[in-house]
Amino acid sequence: MVPLGEGSDDPLLPDLPRGPLHAARARASFPWKELALFWEGPDMLRFKKNIFSALENDPLFAHPPGSLSLEKYRELNFLRCKRVFEYDFLRVEDLLGSPQRVLALIQCLGMYDWSLATKFFLHTLTFGSAIYSSGSERHFKYLPKIFSMEIFGCFALTEVSHGSNTKAMRTTAHYDPTTEEIIIHSPDFEAAKFWVGNMGKTATHAVVFAQLYTPGGQCHGLHPFVVQIRDPKTLLPMPGVMVGDIGKKLGQNGLDNGFAMFHKVRIPRQDLLNRSGDITPEGTYVTHVKDARQHFSESLGSLSSGRVAIAGMSVVNLKLAVSIALRFSATRRQFGPTDEEEAPVLEYPMQQWRLLPYLAAAYALDHFSKWLFLDLAELQQGLLGRDRSARQAELGREIHALASAGKPLASWTAQRGIQECREACGGHGYLAMNRLGDLRDDNDPNCTYEGDNNVLLQQTSNYLLGLLVRRDQGGARIESPLKTVDFLEAYPNILGHRFEGCSPEDCLNSSVPLAAYEWLVCYLLRESYQKLNQEKQSGSNDFEARNNCQVYCCRPLALAFLELTVVRRFHEHVHQPHVPPPLRAVLGRLSALYALWSLNQHTALLYRGGYFSGEQAGKMVENAILALCAQLKDDSVALVDVIAPPDFILDSPIGRADGELYKNLWSAVLQESKVLERASWWSEFSANKPVIGSLKSKL
């Protein structure tokens, strides 16, 4: 029996401190510790507990009073990253053998500080995994140096003038057979590698993507190379390398994003990461890849990893925000039925409607992101094992489509959710010490890097349109390894379905919005397909036709498909037979709330396409959302307890587990403001009043 609470010297899930939130926890319809065990599993709970305990008990991770200078923050972040390696939470063999631990470590570090998590992630996974998955045995010499931090890495793909359009990258790599060296060169500033995390101050090596040219001038497309950019002992740039920091950002300023330009930098031929293509000493290009599309897909396979990871990062930010806002809402009292009796703001339907759908989204998207991460690990195992099967290729296309829409959905949901949580906490939410502003700023780049969200959605809609074209032209069945598109085989029949709900109670199970979502995706797929053909028939070329289909057809198609996938996965997870009976009702409500709340954003399309008719259909969905919010209100604090990290990690006075809202806030304000201290600038201001007056007269 796993020791959950008291009765053990080191309980896996210790009891939470008593305080104003105790009464709210007592009203929950389920045992929160049992849900935590079901949601994470004992091994993962123990792993996360060890990480959190290590950070809390290490003085290096103590939260400094006040704000740090940019230089000091980055120095401290690097030292913390080094200490994480010393703790040995993650071993080399875990990178592929235990993907759950990889994801858990990144998310635990991110809950503490995304600057630290991103720095660690970029060095270990993005840089390290790129070498491991894109290289061969001759490159494995770098792996021990990565884990010992003998070298420190970054992933240099994006350039000043090109981000999403990776095929247009302009950094070149010319092979010189006389010296068996590859010459890395940046033709101008527009080709400078830019926005590269870790490159600004600390990286010694980079995986650099460049267009590979063999003797004779033939270009073989974008390839990755290991390039040393700094001396590991001095951190001074290597000859021919101009490298620096791009400056302060809106968030994550503990991470040093940088730029680099290369002036005919020579590297050994062996530092070409050669899993998909190589050069013989004489200068002949050799590859097992049959066509350029397959090569491009293999070369940039690590981008799917980044997009899946960013989806998970966004979910973590949403978890933290709803944890803070719901604990605050359960203890913050305003107004009431009488002047003497004020009610917690969570009792108001408006506050429930604002926050509880985002709590449901945090659970639904958390399950989806973990599921997709494990499927991605399966894909990578196949690539490393040189699996060339048709299933492996189809799995790669499906995961690419899911990751390309998963990142936008998760990052946008977190962006909206964090802002709603900030506003729902009123003025206290605007205090920097309560962390919602930092969460908002740190989440913001998730909408941009590893591909602009709106651009990425085109990859998903292209995948879906391609399935329909293959079906119409060759009669091929629509199916995929993860079965996310299998419902489209019934595409014509689904389009004939209509909403059949008779009362709000009919909507309280997520199977109802699931059916509506299947119709919606089929409808948008038909609209996109017809619009694309109309554009082509009117004389537009393929490029123009696809661009003209994006705004009202392909973009909503990609988002609706991904929302359907999240809804379906969550529905299946919470309705599986081995869900403990005490958890079934609350998980079912979370599933239904997320599904209906997401679907409700497409009400206009449901009416326009004829799936909804009459005003009662839309009202039923709205009434069901409000009913589910009311049902989940008393469970919300316990649901937060499952996903919230310890107080030290959450680091928000208004979000602490004891619920002592005003005591915690007052203590933090005293520490922050240093009461009784006069403003440091006042003496100088008083002594220079004539100068101020003189300045005013001149103005």
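Residues numbered from 1 in each chain as written. Predicted model: local features only at pLDDT ≥ 70, side-chain atom pairs only at ≥ 80, totals over all residues. Heavy atoms only, no water.

## Details of the pattern of salt bridges
Okay, so step 1: Summed over the entire model, instances satisfying the criterion amount to 37 salt bridges.
Okay, so step 2: Of the charged contacts in the structure, one is a salt bridge between Lys-82 and Glu-86, with a shortest N-O distance of 2.9 Å. In this pair, Lys-82 and Glu-86 both sit in helix H4 (residues 70–87), four residues apart, roughly one turn of the helix.
Okay, so step 3: The salt bridge involving Glu-86 is made with Arg-83; its shortest N-O contact spans 3.0 Å. A residue pair is termed a helical-turn pair when its members lie 3 or 4 positions apart in one helix, as Glu-86 and Arg-83 do in helix H4 at three residues. (Salt bridge = Lys/Arg side-chain N within 4 Å of Asp/Glu carboxyl O. Helix = DSSP H or I, 4+ residues; strand = E, 2+ residues; numbered from the N terminus.)

## A few points about the UniProt feature "binding site: FAD" (unreviewed entry) in the chain
Okay, so step 1: Here the UniProt-annotated "binding site: FAD" (unreviewed entry) positions come out as Thr-158 and Gly-197. Spanning 40 residues, the named residues form one tight spatial group whose C-alpha atoms are at most 10.7 Å apart.
Okay, so step 2: In contact with Thr-158, other than residues within four places in its own chain, are Gly-163, Met-169, Ala-192, Lys-193 and Phe-194.
Okay, so step 3: Looking at the secondary structure, you find Gly-197 in strand S4 (residues 193–197).
Okay, so step 4: Beyond its immediate sequence surroundings of up to four residues, Gly-197 is in contact with Leu-122, Cys-154, Leu-255, Asp-256 and Asn-257. (UniProt positions renumbered as here; feature names shortened; annotations may be inferred. Contact = heavy atoms within 4.5 Å.)

## Here's the deal with the packing of helix H20 (residues 581–600) against helix H22 (residues 615–633)
Okay, so step 1: The geometry of H20 relative to H22 is characterised by a closest axis approach of 9 Å and an angle of 145° between their N-to-C directions. Between H20 and H22 lies a crossing whose hand is left-handed. Here Val-586, Arg-589, Leu-590, Ala-592, Leu-593, Leu-596, Trp-597 and Asn-600 of H20 come into contact with H22, specifically with Val-621, Glu-622, Ala-624, Ile-625, Leu-628, Cys-629, Gln-631 and Leu-632.
Okay, so step 2: Broken down by class, the residue content of the contact of H20 with H22 amounts to twelve nonpolar, two polar and two charged. (Axes fitted to C-alpha atoms, helices over the stretch in contact; angles between N-to-C directions. Left-handed = near helix turned anticlockwise from the far one by under 90°. Nonpolar A, V, L, I, M, F, W, Y, C, P; charged D, E, K, R; others polar.)

## So, the packing of aromatic side chains
Okay, so step 1: Under the definition given, this model contains 19 aromatic pairs.
Okay, so step 2: Taken together, a centroid distance of 6.2 Å and an interplanar angle of 90° make the contact between Trp-39 and Phe-570 edge-to-face. Of this pair, Trp-39 sits in helix H2 (residues 32–40) while Phe-570 sits in helix H19 (residues 550–574), placing them 531 residues apart in sequence. Each member of the pair, Trp-39 as well as Phe-570, carries the same accessibility label: buried.
Okay, so step 3: Seen in terms of ring centroids, Tyr-132 and Phe-140 are 5.2 Å apart; in terms of plane orientation they differ by 20°. Their pairing is stacked.
Okay, so step 4: For Tyr-132, a relative accessible area of 29% puts it in the partly exposed group.
Okay, so step 5: Here the aromatic cluster, defined as three or more aromatic residues joined through ring pairs, consists of Phe-499, Trp-519, Tyr-523, Tyr-607, Tyr-611 and Phe-612.
Okay, so step 6: The side chain of Arg-101 reaches across the aromatic face of Phe-47, ending 4.1 Å from its centre. (Phe/Tyr/Trp six-rings, centres within 6.5 Å; stacked < 30°, edge-to-face > 60°. Buried < 20%, exposed > 50% of the residue type's maximum accessible area, 1.4 Å probe, protein only. Lys NZ or Arg CZ within 6 Å of the ring centre and 35° of its normal.)

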